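Listed below are the residues making up each chain.
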Amino acid sequence: MSTLSIAKRDFLDVRRAKLVWGPVVLYTLFMLLFFWGQSTAENPDFYAIMWSLLGLGGALVIPLIALVAAYLSIAGERESGSIKFTLSAPVKRSSVIAGKLISRTAIVVAGILVAFVVGTLAGMVLVPDMTFEWGDYLTFIAVTLLYALAYVSVAVGISAATGSRSRAIGGSIGFFFLFNLVWNFLPVQPTEMLRFLLEQLGRDPDNYQNLLEFVFSISPTGAYLNSTKLFMSDEFLEMVGTAGRTADPFYIQGWFMLVILTFWVVAPLAVGFWRFNSAQLG
């Protein structure tokens, strides 16, 4: 059995799951809400819609779409024992992981693209006078899909590394809580801890803004939120107070956020494969 055969079978098994498509519907509703909000503005701002989607819509809903779609991709079969029938084909364990990644990514990407198509068409109707910056918009969509892929990889990696549904659920929830809510949104986030430490050492945190921004960007959500320089206009970034300096070091520039997101695609899969490859399944 090949990687593509596993991906096709898995895609057919989960494509109709309501639990998978529920968050997609929620993301679509967010898009419609943000476009409708600009329809009542005196001067509709296209970048304001992307800014809203990047924050509330993307940073919170996209991870849920990916994690819900992929957290049981392998752990579910391991707990039920059906993974032994898959491996008896025969097929390499790396092909199982790759096939699951392909199928779950296809489902997530399809759902997100549907949301963008529906939201964009509705936006063109609701806000006919607004100018769509298509180049920046397509870049934003591409970065969003890479962000979603990173979370799919995390979920598949966790699923491959664990042998039960409960552990896969716990690992996925734990990752979301630590590297999304805690790392980037709660008052106990690492950047605030580092800021407090610098103050205790008698250092001015304002002199370490680059370091603080890099720490914020280590998580996939932080990298996604700090990728704005790739698709937001300079005028809008200046208006919201996040415009970057021209002399920014490379590790906080927009392109390096893609490097961080790529790391989150590769690293969880590597750990998951290492655990899955050495697991006793019989």
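For the structure, see preceding data.
Residues numbered from 1 in each chain as written. Predicted model: local features only at pLDDT ≥ 70, side-chain atom pairs only at ≥ 80, totals over all residues. Heavy atoms only, no water.

### Description of the overall build of the protein chain
In step 1: What the protein chain contains, in helices and strands, is 13 helices and zero strands.
In step 2: Along the protein chain, from the amino end to the carboxyl end, the secondary structure elements read α-α-α-α-α-α-α-α-α-α-α-α-α.
In step 3: On the principal axes, the C-alpha backbone points of the protein chain span a range of 60 × 55 × 25 Å.
In step 4: Restricting to contacts in the protein chain with at least 6 residues of sequence separation, those with at least 24 account for 82%.
In step 5: With an accessible surface of roughly 13600 Å², the protein chain has 65% of that area assigned to carbon and sulfur atoms.
In step 6: Here the protein chain contributes 18 positive and 18 negative side-chain charges, whose respective centroids are spaced 25 Å apart. (Helix = DSSP H or I, 4+ residues; strand = E, 2+ residues; numbered from the N terminus. Contact = heavy atoms within 4.5 Å. Areas by Shrake-Rupley, 256 points an atom, 1.4 Å probe, with all protein chains shown as cover. Lys, Arg positive; Asp, Glu negative; His and termini not counted. Charge placed at Lys NZ, Arg CZ, Asp CG, Glu CD.)

### Quick word on the packing of aromatic side chains
In step 1: By the definition in use, this model includes 26 aromatic pairs.
In step 2: When the centroid spacing of 6.0 Å and the interplanar angle of 25° are considered together, the rings of F35 and F132 count as stacked. Remark: F132 occurs in the loop between helix 6 (93–126) and helix 7 (134–161) and F35 occurs in helix 2 (residues 18–39); sequence separation between them is 97 residues.
In step 3: Aromatic pair F263 and W264: ring centres 5.4 Å apart, planes at 75°, arrangement edge-to-face.
In step 4: For F263, a relative accessible area of 48% puts it in the partly exposed group.
In step 5: Accessibility expressed as a relative area gives 10% for W264, which makes it buried.
In step 6: Directly above the aromatic system of F276 lies the positively charged group of R93, at a separation of 5.6 Å from the ring centroid. (Phe/Tyr/Trp six-rings, centres within 6.5 Å; stacked < 30°, edge-to-face > 60°. Buried < 20%, exposed > 50% of the residue type's maximum accessible area, 1.4 Å probe, protein only. Lys NZ or Arg CZ within 6 Å of the ring centre and 35° of its normal.)

### Considerations on a negative patch on the surface
In step 1: Where like charges cluster on the molecular surface, the negative patch consists of E192, E199, D204 and D206.
In step 2: Structurally, D204 is set in the loop between helix 9 (190–200) and helix 10 (209–217). (Patch = residues over 30% accessible without salt bridge, like charges linked within 9 Å, V, L, I, M, F, W, Y side chains within 5 Å. Salt bridge = Lys/Arg side-chain N within 4 Å of Asp/Glu carboxyl O.)

### Some details on the side chain of N226
In step 1: Structurally, N226 is set in the loop between helix 11 (220–225) and helix 12 (234–240).
In step 2: Exposure remark for N226: the relative accessible area of 15% places this residue in the buried category.
In step 3: Not counting residues within four places of it along the chain, the set of residues in contact with N226 comprises E213, F216, S217, G254 and M257.

### Considering the pattern of salt bridges
In step 1: For the structure shown, the criterion picks out five salt bridges.
In step 2: Among the ionic pairs, D10 bridges to K100, the shortest N-O distance being 3.0 Å. Residue D10 is found in helix 1 (residues 3–14), and its partner K100 is found in helix 6; the two are separated by 90 residues along the sequence.
In step 3: K100 serves as the salt-bridge partner of E77, at 2.4 Å between the closest nitrogen and oxygen. Of this pair, E77 sits in helix 4 (residues 75–80) while K100 is found in helix 6, placing the two residues 23 residues apart along the sequence. For the pair E77 and K100, one class covers both residues: buried.
In step 4: Through salt bridges with shared partners, one network takes in D10, E77, K100 and R104.

### Thoughts on the environment of L126
In step 1: Structurally, the position occupied by L126 is in helix 6.
In step 2: Sequence spacing of L126 and S39 is 87 residues, and the spatial spacing of their C-alpha atoms is 5.9 Å.
In step 3: Apart from residues no more than four positions distant in its own chain, L126 is found in contact with L32, F35, W36 and S39.

### Description of a nonpolar patch on the surface
In step 1: A cluster of nonpolar side chains, contributed by V117, L121, M124 and W134, occupies part of the molecular surface with about 400 Å² of accessible area.
In step 2: The leading source of residues in the nonpolar patch is helix 6, at three residues.
In step 3: According to the relative accessible area criterion, L121 is exposed, its value standing at 53%.

### What to know about helix 8 (residues 165–184)
Every α-helix winds through 3.6 residues per turn, so residues three or four apart in the chain are directed the same way.
In step 1: A rise of 1.5 Å per residue sets the reference length of helix 8, with its 20 residues, at 28 Å; its end C-alpha atoms lie 27 Å apart and thus fit the reference within 8%.
In step 2: Burial in helix 8 covers these residues: A168, S172, F175, F176, F179, N180, V182, W183 and N184. (Expected span 1.5 Å × (residues − 1).)

### Side note on the packing of helix 2 against helix 3 (residues 46–70)
In step 1: As a packed pair, helix 2 and helix 3 sit with axes 9 Å apart at the nearest point and diverge in direction by 175°. Considering the angle they form, helix 2 stands roughly antiparallel to helix 3.
In step 2: Its residues assigned to classes, the contact of helix 2 with helix 3 comprises 20 nonpolar, four polar and no charged. (Axes fitted to C-alpha atoms, helices over the stretch in contact; angles between N-to-C directions. Parallel < 35°, antiparallel > 145°, perpendicular 65-115°, else oblique. Nonpolar A, V, L, I, M, F, W, Y, C, P; charged D, E, K, R; others polar.)

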